[in-house]
Amino acid sequence: MVTLTFDDGTADQLAAARILHRYGMAGTFFIITGAVGARHYMTRADLRQLAANGDEIGGHTVSHLDLVNTTLAEARRQVCAGRDILTRWSFRVTSFAYPDGAASRAVAAIVAECGFDAARIAGGLAGPDCPGCAVAESVPPEDRYAVRSPGQVESGTTLADLERSVLTVQRRGGGWLPLVFHHVCRAGGNCGQLSVSEATFGAFVQWLARQRAHGVAVETMRQVLGGPVRPAVAVPVARPHGVVNPSMETAGPSAVTNPSDETPDRSGAPSCWMEGGYGQNTARWQRIRQARGGRWAERLTVTGYRTGGAEFLQLFDLGECALPVRPGRSYELSAWYRGTVTTQFSLYYRNSAGHWRYWTSSPYFSPSGQWAKADWRTPPVPAGISGLSFGLSAFTNGTLITDDYGFAPAPPRTAQVTAARVALVVVLLAIAAAAVRRRIRRRRTARPVPAAPAAPAGVQPRERPARSSSSR
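Remember, it's a predicted structure, so these values are computed and weren't measured experimentally. (Residues numbered from 1 in each chain as written. Predicted model: local features only at pLDDT ≥ 70, side-chain atom pairs only at ≥ 80, totals over all residues. Heavy atoms only, no water.)

Asks: Describe the overall build of the protein, naming the residues involved and giving the relevant values.
Replies: Looking only at helices and strands, the protein has 8 helices and 20 strands in total. By the burial criterion, 46% of the 472 residues in the protein qualify as buried. For the protein, restricting intrachain contacts to residue pairs at least 6 apart in sequence, the fraction spanning at least 24 positions comes to 74%. (Helix = DSSP H or I, 4+ residues; strand = E, 2+ residues; numbered from the N terminus. Buried < 20%, exposed > 50% of the residue type's maximum accessible area, 1.4 Å probe, protein only. Contact = heavy atoms within 4.5 Å.)

Encoded structure:
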């Protein structure tokens, strides 16, 4: 049995699905729910069409984080919420794939708790990284939550390599061979390392179709393993908190969490932070010992600028690092900075499906050779939004050093207006009281004034002439 699995749910995998369907086959597609509908990724309509054609939709977390290098609480949110979202979208979800194949016993236990029947890793069978390993997975597998594969198909994998992996299993008595694909690249496209050409994939599927007569079957993970579809498991949302690691004092994991374009690289970034940016420019981030307080700050250097911008942001997750917020509330942002560029806060928000997108920006803050504080109050958070991430951006050539980030709920506007009105009333009462005291003192010190003599009979008193509006 051969299972063709596809990680991440990128839009170019639809070409692979069309090839599979042409030969009456189906694949297992592991979906990052937070990327659904994003640029270069499948839409919900694409997923519905896959399922209608017999393909399996599996879980791949919400944010594609390295589950081994995050907290267990965040790992549970990522795994359970990813399956819950797919279930609410009406998919029957039983299979899971670990992001980048990173698994541990604790993470595997979470996958089981979240209702998955099985989980696939990216290794464990004979391949370039494990030449002495077993050539096939058993059915049932030795560990349902560590289903093995011969590594990941890469741009250097040839059609002969793929055919050989199947024939080797056949010659060794049979078994299960799950294969791991990422991008499916068209001729002339910008193919990355984790890709297979559309031509190579098409030739391999055509070859698999001919092998049916020799006992080779292509099945999804669910078809191979069976098992019930369990109810979705809800997990508590993250509690409100401020910026985690606000001064970049704690180092982060050294491993890249996701090689795809949509999830930024965390390699070398301080804990709970990530690099972000867009457009045509070259951005370089460095953790440096030129802090405002403590030991560390983050320096961003932009060169070759043509368009876009770059910033340092709280990690796009489900609340361990990203900032939990409430719709309708405004928040106070702050950060200390110095550098040669004009800067501003850039804000991103997370919706109920875990998808992050740009929201808004603050007014500009001028370049400063000394440490200067940038602070700003956000607009009210839109409905349906539960998380924020922000950072100071650079959008021209130059350097920007940042440190000591802050975040807190802003006082409601009504409370501010009420406080201002109360303060005004207090001031007015104090002024009135002072005026009354002055009047009383004048009365006590004033002398009696003799009455003016009465005008003679028949004579009218002289009136004071009114000033003309035309007088100068």
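Asks: Would you mind going over the environment of threonine 402 in detail, with residue names and values included?
Replies: Position of threonine 402 among the secondary structure elements: in strand β20 (residues 398-409). The exposure class assigned to threonine 402 is buried, which follows from its relative accessible area of 4%. Linking threonine 402 and glycine 339, residues 63 residues apart in sequence, is a C-alpha distance of 8.7 Å. Residues within four places of threonine 402 in sequence aside, it is in contact with Met248, Ala297, Glu298, Trp336, Tyr337, Trp371 and Leu392. Engagement of the side chain of threonine 402 in a polar contact is seen with the side chain of tyrosine 405, the distance being 2.9 Å. (Polar contact = N/O pair within 3.5 Å; in protein donor to acceptor, adjacent residues only side chain to side chain.)

Asks: Before we move on, can you summarise the packing of helix α1 (residues 13-22) against helix α6 (residues 198-210) with the specific residues and values?
Replies: Across the interface, α1 lies against α6 with an axial gap of 10 Å and an inter-helix angle of 25 degrees. The pairing of α1 with α6 is recorded here as roughly parallel in orientation. α1 and α6 meet at a crossing whose hand is right-handed. Here Ala15, Ala16, Ile19 and Leu20 of α1 come into contact with α6, specifically with Glu198, Phe201, Gly202 and Val205. Of the residues belonging to the contact of α1 with α6, the class tally is 6 nonpolar, 1 polar and 1 charged. (Axes fitted to C-alpha atoms, helices over the stretch in contact; angles between N-to-C directions. Parallel < 35°, antiparallel > 145°, perpendicular 65-115°, else oblique. Left-handed = near helix turned anticlockwise from the far one by under 90°. Nonpolar A, V, L, I, M, F, W, Y, C, P; charged D, E, K, R; others polar.)

Asks: Explain the nonpolar core to me, using residue names and the numbers behind them.
Replies: Grouped together as the largest cluster of nonpolar side chains are 61 residues, with contacts concentrated most on Leu4, Leu47, Tyr98, Phe181, Phe201 and Leu208. With 33 residues, the next largest nonpolar core counts Met248, Leu333, Ala335 and Ile385 among its residues. (Core = buried A, V, L, I, M, F, W, Y, C linked by side-chain atoms within 4.5 Å.)

Asks: Can you lay out the environment of alanine 187 for me, pointing to particular residues and giving the numbers?
Replies: Here alanine 187 is to be found in the loop between β8 (183-185) and β9 (195-197). As for alanine 187 and serine 197, which are separated by 10 residues in sequence, their C-alpha atoms are 6.9 Å apart.

Asks: Any chance you could break down the packing of aromatic side chains for me, citing the residues and the numbers?
Replies: Enumeration over the complete set of coordinates arrives at 20 aromatic pairs. Relative to phenylalanine 365, the ring of tyrosine 337 has its centre 6.5 Å away and its plane inclined at 50 degrees; by these criteria the two rings are tilted. With tyrosine 337 in strand β15 (residues 331-339) and phenylalanine 365 in the loop between β17 (356-361) and β18 (368-377), the pair connects residues that are 28 residues apart, well separated along the chain. Of the two residues examined, tyrosine 337 and phenylalanine 365, each falls in the buried class. When the centroid spacing of 5.7 Å and the interplanar angle of 50 degrees are considered together, the rings of tyrosine 364 and phenylalanine 395 count as tilted. Of this pair, tyrosine 364 sits in the loop between β17 and β18 while phenylalanine 395 sits in the loop between β19 (387-394) and β20, and the two are 31 residues apart along the sequence. (Phe/Tyr/Trp six-rings, centres within 6.5 Å; stacked < 30°, edge-to-face > 60°.)

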